Amino acid sequence: MIEFQSVHKQYGNGTVAVQDLSLTVEAGTITVLVGPSGCGKTTLMRMVNRMIDPSSGSVLLDGTDIRERDPARLRRGIGYVIQQAGLFPHRTVLDNVATVPRLFGNSRRDARRRAAELLERVGLPNDLGKRYPVQLSGGQQQRVGVARALAADPPVLLMDEPFSAVDPVVRADLQDELLRLQDELGKTVLFVTHDIDEAIKLGDRVAVLRQGGYLAQYAAPDDLLAEPADDFVTSFVGRDRGYRRLSFLDSQGVCPEQADTIRIGDTSADVPSRAGWVLALDHERRPRGWLLPDATVDGQLTENQLLAGGSLYTEGTSLRGALDAALSAPSGLGVVVDADGAYVGVVTARHVLDLIESRRRSVTTEGAVP
Ligand SMILES: Nc1ncnc2c1ncn2[C@@H]1O[C@H](COP(=O)(O)OP(=O)(O)OP(=O)(O)O)[C@@H](O)[C@H]1O
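Residues numbered from 1 in each chain as written. Predicted model: local features only at pLDDT ≥ 70, side-chain atom pairs only at ≥ 80, totals over all residues. Heavy atoms only, no water.

Peer 1: What is the right way to read the packing of aromatic side chains from this model?
Peer 2: Aromatic ring pairs are described here by two measures, namely the spacing of the ring centres and the angle between the planes. Counted according to the given criterion, the structure contains 3 aromatic pairs. Residues W277 and W290 carry aromatic rings whose centres are separated by 6.3 Å and whose planes lie at 90° to one another, so their mutual orientation is edge-to-face. Here the residue W277 occupies a position in the loop between strand 11 (260-263) and strand 12 (278-281), and W290 occupies one in strand 13 (residues 287-291), the gap between them amounting to 13 residues. Assessed through its relative accessible area of 23%, W277 is described here as partly exposed. What makes W290 buried here is its relative accessible area of 1%. Positioned over the ring face of F88 is R91, at 4.7 Å from the centre of the ring. A cation over a ring is seen here: R148 above F88, with NZ or CZ 5.1 Å from the ring centre. (Phe/Tyr/Trp six-rings, centres within 6.5 Å; stacked < 30°, edge-to-face > 60°. Helix = DSSP H or I, 4+ residues; strand = E, 2+ residues; numbered from the N terminus. Buried < 20%, exposed > 50% of the residue type's maximum accessible area, 1.4 Å probe, protein only. Lys NZ or Arg CZ within 6 Å of the ring centre and 35° of its normal.)

Right, dumping it as structure tokens:
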């Protein structure tokens, strides 16, 4: 557990970067510091590994004031990941990661074995270990940065905008990978970003900072979206917070119905007689697209004769996906699939909205805030 107790930081030039701020980062969770540029996120994070000392106040790690710890020892228990990964350019990827176990006195062989394990753990193929950082993509470099930070198996991980320099698709992959790793490893993670969507996706709790180093709100992502503390937080979390909050509503009560279906390769004779949208499935029952109402099939059904489908909703995931599937489907019928991508049924936006409404009503009658 990390505790910031009334920490304050004023730099030599008079800039106050952090303003009398207190917050607790629970062990084994991801806490995200988010806020606009210059609001003191990095300053606050760097207080944990003593790269920066507060002007006043204390930082406690597992109940002990970090000023009582030897800085070198303290840092060994804290992994640190930064933007652009900060890799050594003249060392191979494997040796970049092996550097840390080497520092801990492991033999070169053991260090390399550990490094290879870690590279696999962060999803990098074995043969990349022989390359130099410049020969990797930005996303791969970030993964190496994460592997290196994990090399000493530190209980605490500080991550300062680690995924900011990569494109949105790679970034989403890296975020998913971090969540997967965290499920396995249960580190105490302090993560800095200026991207509220990243904060909401990754954080068990999110600390929103505002200019001048003030803590504007510290809450679970769902609460942040449901009840922003003030106008600043409201504008920072963005306009579509009601929609984004659906990510935190589970799928309980979603009852898919059956649509008319047809298979790729079928003929006109196989088109269901009711005049409505028909969902085409492949031979593994995966949805391939929609046949317009009253459409006839020319010869055998091919994908060229179909209208592209909307997003697919994997059963059991959040209501946001269910609503999005319905809204993005040309038929207005959101396609529900199982974990293998096979067709389960369809849901309408109306069905999802009714479900949200009924939950709101039941929560309100129980006296809690919807
Ligand atoms: N060494 C320093 N000396 C003087 N002022 C500093 C120093 N480091 C940071 N600052 C100032 O302190 C404030 C907070 O900086 P900090 O880097 O902690 O913010 P941040 O929220 O991490 O910003 P960004 O998102 O842009 O990285 C800023 O106004 C910055 O200019």
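Peer 1: Can you walk me through the layout of surface pockets in this structure?
Peer 2: One water molecule sets the probe size; rolling that probe over the atoms shows where empty space is left. As a volume, the largest pocket reaches approximately 600 Å³. Looking at the largest pocket, it is lined by 22 residues, and the ones nearest its centre are R75, I78, Y80, V100 and L103. At the level of secondary structure, the elements contributing two or more residues to the lining of the largest pocket comprise helix 2 (71-76), strand 6 (78-82), helix 3 (93-103) and helix 5 (138-150). (1 Å grid on protein atoms, 1.4 Å probe; cavity = no way out; pocket = protein on both sides within 12 Å on 5 of 7 lines; lining within 4 Å. Points joined across faces, edges and corners; volume = space filled by probe spheres on them.)

Peer 1: Hey, could you run me through the site of the ligand in this one?
Peer 2: Taken together, 13 residues form the shell around the ligand, and within it S37, G38, K41, T42 and T43 come nearest. In this structure, an oxygen atom belonging to the ligand sits 2.5 Å away from a side-chain N or O atom of S37. In the environment of the ligand, an oxygen atom lies 2.8 Å from a nitrogen or oxygen atom belonging to the backbone of G38. Surface burial for the ligand is 61%, taken as the share of its 630 Å² of free accessible area covered by protein chains. With 3 residues, the top contributor of residues to the shell around the ligand is helix 1 (residues 41-48). Residue composition of the shell around the ligand, by class: 4 nonpolar, 7 polar and 2 charged. (Near = heavy atom within 4 Å. Polar contact = N/O pair within 3.5 Å; in protein donor to acceptor, adjacent residues only side chain to side chain. Areas by Shrake-Rupley, 256 points an atom, 1.4 Å probe, with all protein chains shown as cover. Nonpolar A, V, L, I, M, F, W, Y, C, P; charged D, E, K, R; others polar.)

Peer 1: Is there a simple way to explain the sheet that holds strand 12 in this structure?
Peer 2: Read across the sheet, 3 strands follow the order 11-12-13 without closing on themselves; strand pairing throughout is mixed. Each edge of the sheet is formed by a strand with only one pairing partner; in this case those strands are strand 11 and strand 13. Mean inter-strand twist for the sheet, computed between neighbouring axes without regard to direction, equals 35°. Pairing analysis gives 4 bridges linking strand 11 to strand 12, with the strands arranged parallel. The residue bridging I262 from the neighbouring strand is A280, located in strand 12. (Pairing = 2+ DSSP bridges. Axes fitted to C-alpha atoms, helices over the stretch in contact; angles between N-to-C directions.)

Peer 1: Just checking my understanding: could you explain the environment of M47 for this structure?
Peer 2: Here M47 is to be found in helix 1. Judged by relative accessible area, which is 0%, M47 ranks as buried. Sequence separation of M47 and F4 is 43 residues, and the distance between their C-alpha atoms is 9.0 Å. Once residues within four sequence positions are removed from consideration, M47 is found in contact with F4, V7, H8, K9, V18, I52, P54, V59 and I66. (Contact = heavy atoms within 4.5 Å.)

Peer 1: Looking at this structure, I do not really get helix 4 (residues 108-121). What am I missing?
Peer 2: Because an α-helix completes one turn every 3.6 residues, residues spaced three or four positions apart along the sequence face the same direction. Look at helix 4: 20 Å from first C-alpha to last across 14 residues, which is about the 20 Å you get at 1.5 Å a residue. Of the positions making up helix 4, those classed as buried are A111, A115, L118 and L119. The buried residues of helix 4 all sit within an arc of 100° when viewed along its axis, so they share a single face. Summarising the geometry of helix 4, the exposed residues directed more than 90 degrees from the buried face are R109 and E120. Here the buried face of helix 4 lies against helix 3 and helix 5. Two residues or fewer past helix 4, G123 is found with a positive phi of approximately 85°. (Expected span 1.5 Å × (residues − 1). Arc of directions from axis to C-beta.)

Peer 1: Explanation requested: empty space enclosed by the protein in the structure shown.
Peer 2: Enumeration over the complete set of coordinates arrives at 3 cavities of 30 Å³ or more. At the level of secondary structure, the elements contributing two or more residues to the lining of the largest cavity comprise helix 5 and helix 6 (168-185). Here the lining of the largest cavity gets 4 residues from one element, more than from any other, and that element is helix 6. When its residues are assigned to classes, the lining of the largest cavity shows 6 nonpolar, no polar and 2 charged.

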